[in-house]
Amino acid sequence: MDIELICLLVMLAVFLLANLLLKLPVSVSMILGAIAGALTGGQGIPLRHMFEGTFTYLDTVLIISAAMLFMTVIQESGALEALNAAIVTRFYKVPALMLILLMLMIMFPGMITGSSTAAVLSAGALVAPVLMMIGIPKANTGAIVAMGAIMGMAAPPINIPALLIAGGVDMPYISFEGPLFFITIPCAIVAVLILGLKHCKNLDIEKLKGQLNLEIGKKYGFRLYLPILVLIVLLVVSKLVPSLPQLGTALIFLISSAVGLFTGKRFNVWQKALESMETTIPVLGKLMGVGMFIQVLTLVGARGWIVVSCLSLGTVMLYVFACTIMPGFGAISSYGAASVMGVPFLLVLLQTGGNNDIVLCCMLSFLCCLGDLMPPTALAGNYAAQIVGLKYSPVLKKCVIPFLICLIAGLVCMIFSGSLSFLTA
Amino acid sequence: MKKFIVLFLAACMLLGLAACGRQESTSPTGQADPNAGTAAVDPSAPIEFDMQTSEEKHIVTIGTIDKSLFEGPILITSFGQSTDASTLDTALGRVSGVNYTYKAQAIADEMASYKTVIIAVGASTKGLGAAGIKDDEELARAQAIMAKLKETGATVICAHIGGQTRRGALSDKLADLVLPQAKLIILKEDANFDYKFTKYAEANNLPITLIFAAKDTVQVMNDIFGK
Amino acid sequence: MKKYTYLWKNALILALALVFAIPASLDFLAMQKREPVAENGNLSEVRMLSEYCEGLKGTPADTEIYVFDSGVKGGTFLIFGGTHPNETAGMLAAVALVENMKPTAGRFFVIPWLNKSGFTHTSPLDGMQDFFDVKLDDGSVRTFRVGNRLTNPVHQWPDRTYYEGTSGRKLVGTETAEIRNVNRMYYGNEDGVLTEKVCWAIYQLILKENVNLTMDMHEGSPEFLYLDCVMVNEKADNPTAMSIAQGMSLDMEFDDLTMRAEFSGMKSYGLSHRSLGDNTQSMMTLMETYNPSMGPLHGKMTDALIIDGKEPNYAEAYQKGLNYFKVGEDGYPLINRVARHITCIWYLAQEYTVKHPDRAMAFEGLGSYYDMVEKGLGGLLKPVE
């Protein structure tokens, strides 16, 4: 048995043991797995590498923290409740259309930032209460938010896994919009209808009105929505008019949160900020643990070993692996999946002939994005569950069917990428 | 549930790893067009065929070359703007006592001043891009030059020295323009995987010099133009 | 009472974090120190890059320029390595030149650590070595750094979500980090970010010193298409630039070495060969060899991987047709890559001189490719105090 394989198995085993048997947090389990792997690989305890790995996602960590603060602010200021009331009273007559619109709303921040977490924490947090109010069960709501966030992450203009894969093979990130819209929009619509439609066919508006807080919107009026508006404007403007001075996503969230402190109900900012950070620290820890885990995986040569081994498969197995390993790798990190597995997969698939490189790249990135639903990190699922107030397993259970549909859709598009070339024209 | 999914995932990975060990290797089949937009992969996995040149025998000439045909003034130009014309420039530059003009983008009107024209045939997307020339513009220039050369009766040498990677739709089109007027073909042999050039030479009783590597152009130029 | 337990718990966690953080940070701090260079009697002077851009003075990005003037009138050749610090052969080839070269015509400017800030850190997730050791023939050991291809974020951060360089390259999406990549920000900006100042200084150096020929030494991971290859911007010196490069290519071929010459990509905005070639009088070239420690397929990271360049994963990948570039079982040792860089430079100078005898440039002191390979790194590099 190759030493790299032994390292990999040791790392996985220690991680799973620590997490499942010793009930240690995922982040700590990953650290233990990393240490075990480094020792097995003869690298001692490589402090420098472990330290460096945790800093990989520093920018993401900052964005998530800022987005969490924003979410807390709009919740506490009453903006959420008011928005829910407004949406439901306007669209309750056409539930299918309402669902699709809400889904697009969830997707939007993901499309702009390329991050499913940002989508869940901003638009997801706004939409989830509406969905629950119109009668969709908590778990289904969480699943809708998680699926929407992932579709948003995969949808153009910014799809980070696609950018990573394209960058890896020296392919310009051009003409990706067609195939990415082609796969994400239908999948998003199907997902939201499967998960939501049967629960909200016959809406009784009078009954709903009883549950809605119609007062708060009247009391504060339009200014209640200012933080959301500021967020959207700043995010969109920074993408549309890039020549303006750049604030960065984290600062945009912070500015919007600051605005929210003065536009609605007053609350104890310090206390609520602490609370929101407390809920988010486990996820930040996971990101840091993931970084350390992959760095050690690379250091001991296990990453190279995995890639070379997978690439030695036949075409059929390759497709099977693309559909399992790529999203499966998302359990560790979807960006990791794109950069570690995506590039070599694309190279090999291209060699089988008759394929369209851009379509293939898009579909592979789509499969990577689905990885954000994979436990134990399950970034999208995790936060979606937090928003609806559940543990993430019931939410993920509801995601299984739409997830499989997406997987199959992605696979079919990959196999017939040649015939989809028109999308890249 | 969470435990179940984690275990399932781990099982998936282990299964995958186990499967890795016993798979046969794949061999790439599809032959990508070297002129296609983004060449992300090997555009030219070497194609096996019967070659007459080899590591031991770098230059093979089929037929007889009449050196008296190739009088000055001499022009080197490019059809397809690949780097091959500059290779010829360098190679001929190393033959002592030869005066020649090197102009990759020469135009038809200039042809009247030359008695021998060496045309480096082979399209390069990068080269055309660098020169800011579109495919059909290059094709039109080539057509005009060939028409003019028919009038002037200058001797044409068709040099295809870019090898297998230089073959492709546009390259072949350019070669087909030059071949009917050529008095000699110089070919880096790995480009002959479909025997296109040797077959043409045989059918038209044309001398052809096959070379194994680009550096052999120096020897070939010396043989033809050396005093 | 409860409040105190809370405090103690937090203090304990912080203390624990420091126990790990302090030794790790010492590791990183060690990378801030530049490697010493052996003395060479032929060296005319050492300048700092900040002479060409005031804003670089006193920053961690200011770097040494080793000037060799033959005293014989001729052309000027600018050679730099370390544009991307993880591309070890370029830096080491420049060091070898500085320690061994004897110019016989024209002037040579050699910069071994172009992105000096990049040498002070490594890239997260890639598990790179920070240092590697070379054992010299006299038994002494010299240690060199492997850095990151980007400027250290400690010196330039945060990356803007959008940036347009002076060449018109738009940095968005995942390319935003490239604002710290010297080879994306040419021709630089005097008042721009730190990385751009480095670019600007090079741009000014080429203009002020009337540089005729420039070589930017790189390496790529074995998946890359353009390896053992020189990119040439044919704009300056048109139409002879490509002929000069092809002359070098033929010379190398006569030595049984491959070094293709390719046109510089028209859309390679911000890269040295494109932007500097378009905006200065210098003939611009950029060279790549492959470095197996850089690719995603690399195995266990050790000194040996960097020095012997032997990576069975890539050899296997090539055999299975996954790699464009031929990677053999024997690997591509660092000394061969360094020797190939230097040989290419030597032939470029020679071919440039053939085409432009009035701007002659030539040097000796390193021998042929095969001499250098036989000597090995241990013989090519000189002992330092």
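Our structure is the block above this text.
A brief report on the enclosed structure follows. Each chain carries its own residue numbering, running from 1 in the direction its sequence is written. For naming, the first written chain is A and the first written ligand is 1, with later ones following in the order written. Note on the predicted model: pLDDT of at least 70 is required for a residue's local features to be given, and 80 or more for side-chain atom pairs to be given and counted; whole-chain, interface and lining totals, by contrast, use all residues. In computing side-chain values, all of the structure's heavy atoms are included and hydrogens and water are not.

**With respect to the interface of chain A and chain C**
Facing 40 residues of chain A, the contacting portion of chain C comprises 36 residues. Counting the surface lost from both chain A and chain C, the interface buries some 3200 Å², and carbon and sulfur atoms represent 63% of this. Salt bridge criterion: a side-chain nitrogen from Lys or Arg within 4 Å of a carboxyl oxygen from Asp or Glu. Seen at the junction of chain A and chain C, the total is one salt bridge. Polar contacts here mean pairs of N or O atoms no more than 3.5 Å apart (in protein, one a potential hydrogen donor and the other a potential acceptor; neighbouring residues in sequence count only if both atoms are side-chain atoms). On the surface where chain A and chain C come into contact, there are seven residue pairs in polar contact (both at pLDDT 80 or more). Numbered from the N terminus, helices here are DSSP runs of H or I no shorter than four residues, and strands are runs of E no shorter than two. Sorting the residues of the side of chain A that touches chain C by element identifies α3 (47-54), α4 (58-77), α9 (160-168), α15 (269-299), α16 (302-311) and α18 (334-351) of chain A as the ones contributing at least two each. Residues were grouped as follows: Ala, Val, Leu, Ile, Met, Phe, Trp, Tyr, Cys and Pro as nonpolar; Asp, Glu, Lys and Arg as charged; and all remaining residues, including Gly, as polar. Taken together, the residues of the side of chain A that touches chain C sort by class into 19 nonpolar, 15 polar and six charged. By definition in these notes, contact holds between two residues if any of their heavy atoms fall within 4.5 Å. Two parts lose some accessible area (1.4 Å probe) when they are put together, and adding that loss for both gives the buried area.

**With respect to the sheet that holds strand β3 (residues 100-102) of chain B**
Residues and elements named next belong to chain B. Ordered in space as β1-β7-β6-β5-β4-β2-β3, the seven strands form an open sheet in which the pairing is mixed. Of all strands in the sheet, those bounded by a partner on one side alone are β1 (59-62) and β3. Adjacent strand axes in the sheet meet at a mean angle of 20 degrees, parallel and antiparallel pairs treated alike. Sheet analysis places strand β5 (residues 155-160) next to strand β6 (residues 182-188), joined by five bridges and oriented parallel. Within the sheet, the bridge partner assigned to Ile-157 lies in β6 and is Leu-184. We call two strands paired when DSSP finds no fewer than two bridges between them. Note on geometry: axes are lines fitted to C-alpha atoms, helical ones only across the stretch in contact, with angles between N-to-C directions running from 0 to 180 degrees.

**A word on the state of the cysteines**
One way to say it: the disulfide is the covalent bond shared by the sulfur atoms of two cysteines. Residue and element names in this part refer to chain C. Count a disulfide wherever a pair of cysteine sulfur atoms falls within 2.5 Å. Summed over the entire model, instances satisfying the criterion amount to zero disulfides over all chains. Of all cysteine sulfurs, the one in Cys-199 lies closest to Cys-53, which takes part in no disulfide; the gap is 10 Å. Between Cys-229, a free cysteine, and Cys-344, which holds the nearest cysteine sulfur, the sulfur-to-sulfur gap is 9.8 Å. Buried means the residue's accessible area, taken with a 1.4 Å probe over protein chains only, is under 20% of the maximum for its type, while exposed means over 50%, and partly exposed covers the values in between. Residue classification places Cys-229 among the buried positions, given a relative accessible area of 1%.

**Here we look at helix α5 (residues 272-279) of chain C**
With respect to burial, α5(C) is a largely interior element, six of its eight residues being buried. For α5(C), the set of buried residues is C:Ser272, C:His273, C:Arg274, C:Ser275, C:Leu276 and C:Gly277.

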